[in-house]
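# Report on the structure
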Amino acid sequence: MNIIVFLKQVPDTETQIRITEDKSSIVKDDIKWIINPYDEFAIEEALRIKEKFGGEVTIVSAGPKRVVESIRTALAMGADKGILINDPALDDSDSLAYAKVLSQAVKDLSYDILFTGQRGIDDDNGIVGAAIAEFLGIPHLAVVTKVEISEDQKKVKVHRPVEGQTWVMEAPLPALITAQKGLNEPRYASLPGIMKAKKKPLEEKTLQDLGLDASEFGKDKRKLKVVELNPPPERKPGKIIDGETPEEKAEKLVKLLHEEAKVI
Amino acid sequence: MAKGVMTIAEQRDNDIRKITYEIVSEGRRLADKLGQEQVTVLLGANIKDKVGQIAQYGSDKVIVADDPRLEKYTPDAYVEVISQIVKQYEPQILLLGASAQGKDLSARLSARLNVGMAQDCTRFDIKDGNLVAIRPIYAGKAYATVTYSGESLPQMATARPNVMSMNEPDSGRQFEIIDAEFNLDDSILKTQMVDVIKDEKAKIDLTEADKIVSGGRGMKGPENFKILEELADLIGGTVGASRAAVDAGWRPHSDQVGQTGKVVSPNLYIACGISGAIQHLAGMGTSKIIVAINKDPDAPIFKKADYGVVDDLFKIVPVLTKEIKKMLES
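This section reports on the structure supplied with the text. (Residues numbered from 1 in each chain as written. Chains lettered and ligands numbered in written order. Predicted model: local features only at pLDDT ≥ 70, side-chain atom pairs only at ≥ 80, totals over all residues. Heavy atoms only, no water.)

Glancing now at the overall build of chain A. Counting its regular elements, chain A contains six helices and 14 strands. Along the longest, intermediate and shortest principal axes, the C-alpha atoms of chain A span 70 × 50 × 40 Å. Here the analysis covers contacts within chain A between residues at least 6 apart in sequence; of these, 70% occur between residues at least 24 apart. Working note: accessible area of chain A is about 12100 Å², and carbon and sulfur atoms make up 48% of it. Charged side chains of chain A number 39 positive and 45 negative; the gap between the two group centres comes to 2 Å. (Helix = DSSP H or I, 4+ residues; strand = E, 2+ residues; numbered from the N terminus. Contact = heavy atoms within 4.5 Å. Areas by Shrake-Rupley, 256 points an atom, 1.4 Å probe, with all protein chains shown as cover. Lys, Arg positive; Asp, Glu negative; His and termini not counted. Charge placed at Lys NZ, Arg CZ, Asp CG, Glu CD.)

Given below as structure tokens:
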């Protein structure tokens with residue numbers, strides 16, 4: 001089976017987000033960049049399917065040169081080749097624009113199943129996966145914790161947890177699946193894997209290489225415009241409940257929750 | 001010309017979900033600011049008797065798409081039907097809930113309609129006649145104010161559950177019921193829901209919970225979460241966990257609150273033995289009241305807490321449960 005995994009590079013979860021003075025963006029110096037954690041589950045699942053059924057895993061991403069490092073990490077985990085769409089004209093585009101570029105990059109490749117993370121932990125949109133599927137005209141199954149490919153390799157069945165229940169959904173292949181935490185435990189790249197990854201093909205392309213018009217992308221062409229970014233609203237300073245005994249503290253806390261906060 | 005607010009209702013097993021009332025209430029406020037009407041769309045099978053309970057929160061019209069193929073959610077059928085209705089009515093604003101179903105539906109629908117989409121918003125306003133939305137990004141480490149390019153219509157957004165205040169239902173409200181006109185060709189229905197597995201313990205999902213009692217590394221082991229379960233049961237809450245507790249295997253992934261878990265906004269969040277790593281604080285920072293119980297007075301969680309108790313959680317939580325019980329009984 002030929003499998004495509006869309007990967008996004010995001011700031012590490014430990015990152016303290018700072019906002020630029022003009023409020024248009026976050027400060028990107030000194031950020032440690034990682035593979036989007038949900039995309040790691042996507043890569044792992046792709047590798048497991050490849051190990052079971054054979055075929056190739058292709059990693060596809062869009063972003064600046066630094067993303068090469070994340071793609072190499074995925075290749076070191078066991079993926080076969082990488083494609084990076086690296087074009088400054090794409091900077092600050094919105095989710096739909098990225099989905100258009102990524103779908104254009106794979107539309108002429110041979111694929112049976114496509115994976116990506118359920119959302120990027122940076123913009124928290126969760127749009128790109130479903131939008132790629134829409135632009136390719138194939139079904140998508142989102143936020144998935146279990147994937148079963150049928151014996152004849154024509155269908156996929158997934159588990160999709162929602163509030164209070166799990167939906168078991170099925171779609172014919174090719175289909176796009178977005179990975180949720182719980183799907184698997186992603187492997188670490190082995191040392192031989194890292195050595196091999198250096199020799200695996202990694203192609204860089206521009207929008208023009210994909211037959212796209214660069215003037216259709218970028219900040220000015222966003223459909224969803226960012227007016228400004230702000231830090232989260234400050235919470236008012238809290239109270240530390242004092243008391244001699246646990247009983248006294250608990251009693252005071254209950255009184256405050258009931259009378260002041262009115263939440264119980 | 002695009003006009004009015006369209007809200008998409010959500011039902012499961014023919015029960016209207018609470019998020020519907022939240023977005024219809026918010027849709028009403030936005031429609032009033034624009035001086036326009038609110039149309040709510042309901043998809044399902046044998047669902048018409050539910051329109052009244054939705055409209056009482058502020059719909060002027062309810063469009064019902066009633067078809068056996070719409071009984072259970074699939075992105076294929078729902079996106080097709082809703083996009084046809086949107087094209088007929090040309091609303092200026094299209095509002096959905098950021099529930100599991102709503103997030104999935106809205107993502108694909110925005111691509112079908114080729115419009116900008118603001119996911120999981122916590123506030124809406126109208127400025128110069130256009131929708132402006134505020135949405136947390138980086139799981140709440142920053143807030144983005146967003147709006148739309150001129151040609152991106154409808155102005156589409158989803159609202160985070162538990163955030164939009166609900167209107168007082170008006171059972172006497174006048175509204176119009178309209179049968180939706182749509183074509184749904186079986187050949188496009190590729191995705192199917194083949195089974196539904198109910199959770200063993202019927203518990204309210206963290207994203208929708210009114211109260212959450214969460215445990216972290218300080219819980220020391222899975223067996224100790226029992227004291228949190230008891231407290232949660234008493235106050236009608238749900239138990240959550242930090243990433244440390246989930247990665248240790250003490251709690252399922254679905255319980256995780258934080259940047260790589262669920263982002264929650266309950267009325268009351270009680271953090272027990274949680275130090276407050278930045279990823280966790282991001283995921284629960286929009287909770288209305290935060291209580292922290294931790295024996296380390298320097299734990300970062302205390303900076304976010306409205307009420308902090310510096311003590312051993314194993315001493316505090318059981319007596320807290322006892323005190324609340326006493327208060328509820330009196």
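Additional details are given in the paragraphs that follow.
This brings us to the overall build of chain B. Counting secondary structure elements, chain B contains nine helices and 18 strands. At 21 Å, chain B has a C-alpha radius of gyration in line with the 20 Å of a compact globule built from 330 residues. C-alpha extents for chain B along the principal axes are approximately 60 × 45 × 40 Å. Counting only residues that meet the buried cut, chain B has 64% of its 330 residues in that class. Of the contacts made within chain B by residues no fewer than 6 positions apart, 65% connect residues no fewer than 24 positions apart. (Rg over C-alpha atoms; globule rule 2.2 N^0.38 Å. Buried < 20%, exposed > 50% of the residue type's maximum accessible area, 1.4 Å probe, protein only.)

Another aspect to go through is the sheet that holds strand β8 (residues 146-149) of chain A. Strand order across the open sheet formed by four strands is β8(A)-β9(A)-β10(A)-β13(B), with antiparallel pairing between neighbours. If you trace the sheet from one side to the other, it starts and ends with β8 of chain A together with β13 (192-198) of chain B, each paired once. In this sheet, adjacent strand axes meet at a mean angle of 20° when their direction is disregarded. Examined bridge by bridge, β8(A) and strand β9 (residues 155-162) of chain A share four bridges and lie antiparallel to one another. Residue E148(A) lies in a different strand from β9(A), and its bridge partner there is K157(A). (Pairing = 2+ DSSP bridges. Axes fitted to C-alpha atoms, helices over the stretch in contact; angles between N-to-C directions.)

The subject of this paragraph is the interface of chain B and chain A. Residue-level contacts link 89 residues of chain B with 78 residues of chain A. Taken as a group, R108(B), Y138(B) and Y307(B) account for 11% of the area that chain B buries against chain A, more than any other trio of residues on that side. Between chain B and chain A we count eight salt bridges in total. Residue K236(A) pairs with D306(B) through a salt bridge whose shortest N-O separation is 3.9 Å. Taken together, chain B and chain A are joined by 47 residue pairs in polar contact (both at pLDDT 80 or more). Broken down by element, the residue count for the side of chain B that touches chain A peaks at eight residues, all from helix α4 (residues 100-113) of chain B. (Buried area = accessible area lost by both parts, 1.4 Å probe. Salt bridge = Lys/Arg side-chain N within 4 Å of Asp/Glu carboxyl O. Polar contact = N/O pair within 3.5 Å; in protein donor to acceptor, adjacent residues only side chain to side chain.)

Here the focus is the sheet that holds strand β9 (residues 130-137) of chain B. Reading across from one edge, β13(A)-β10(B)-β9(B)-β8(B) is the order of the four strands in this open sheet, with antiparallel pairing throughout. Each edge of the open sheet is held by one strand with a lone partner, namely β13 (224-230) of chain A together with β8 (123-127) of chain B. Taken over all neighbouring pairs, the strand axes of this sheet differ in orientation by 30° on average, direction set aside. In the sheet, β9(B) pairs with strand β10 (residues 142-148) of chain B via five bridges, with the strands oriented antiparallel. The residue of β10(B) that forms the bridge with R135(B) is A144(B).

It is worth spelling out the side chain of T321(B) at this point. All names here are of chain B. Among the secondary structure elements, T321 is positioned in helix α9 (residues 313-329). T321 gets classed as buried once you look at its relative accessible area, which sits at 9%. Not counting residues within four places of it along the chain, the set of residues in contact with T321 comprises E230, L231 and L234.

Moving on: helix α5 (residues 226-235) of chain B. Residue and element names in this part refer to chain B. Every buried residue of α5 is accounted for by I227, L228, L231, A232 and I235. Taken end-on, α5 shows its buried residues confined to a sector of 135°, consistent with a single buried face. When the buried face of α5 is taken as reference, the exposed residues oriented beyond 90 degrees from it are K226 and D233. (Arc of directions from axis to C-beta.)

Applying the stated criterion across every chain, the model contains four aromatic pairs over all chains. Ring geometry for Y38(A) against F41(A): centres 6.4 Å apart, planes inclined by 55°, an arrangement best described as tilted. Of this pair, Y38(A) and F41(A) both sit in helix α1 (residues 37-53), three residues apart, roughly one helical turn. The same class applies to Y38(A) as to F41(A), namely buried. A centroid spacing of 5.9 Å and a plane angle of 35° characterise the contact between W167(A) and Y73(B), whose relative ring orientation is tilted. Here W167(A) is found in strand β10 (residues 165-172), whereas its partner Y73(B) is found in the loop between β5 (61-66) and α3 (75-89) on a different chain. (Phe/Tyr/Trp six-rings, centres within 6.5 Å; stacked < 30°, edge-to-face > 60°.)

If the charged atoms of two oppositely charged side chains come close together, the side chains can form a pair. Scanning the entire structure with this criterion turns up 49 salt bridges over all chains. Here R108(B) makes a salt bridge to E134(A), at a shortest N to O gap of 2.8 Å. With R108(B) in helix α4 and E134(A) in helix α4 (residues 128-136), this pair bridges two chains. Take E134(A): its relative accessible area is 15%, and that puts it in the buried class. Taking the shortest distance from any N to any O, the salt bridge between E37(B) and K61(B) comes out at 2.8 Å. With E37(B) in the loop between α1 (18-34) and β4 (38-44) and K61(B) in strand β5, the pair connects residues that are 24 residues apart, well separated along the chain. One network of salt bridges, in which partners are shared, links E163(A), E10(B), R12(B), R17(B) and E208(B).

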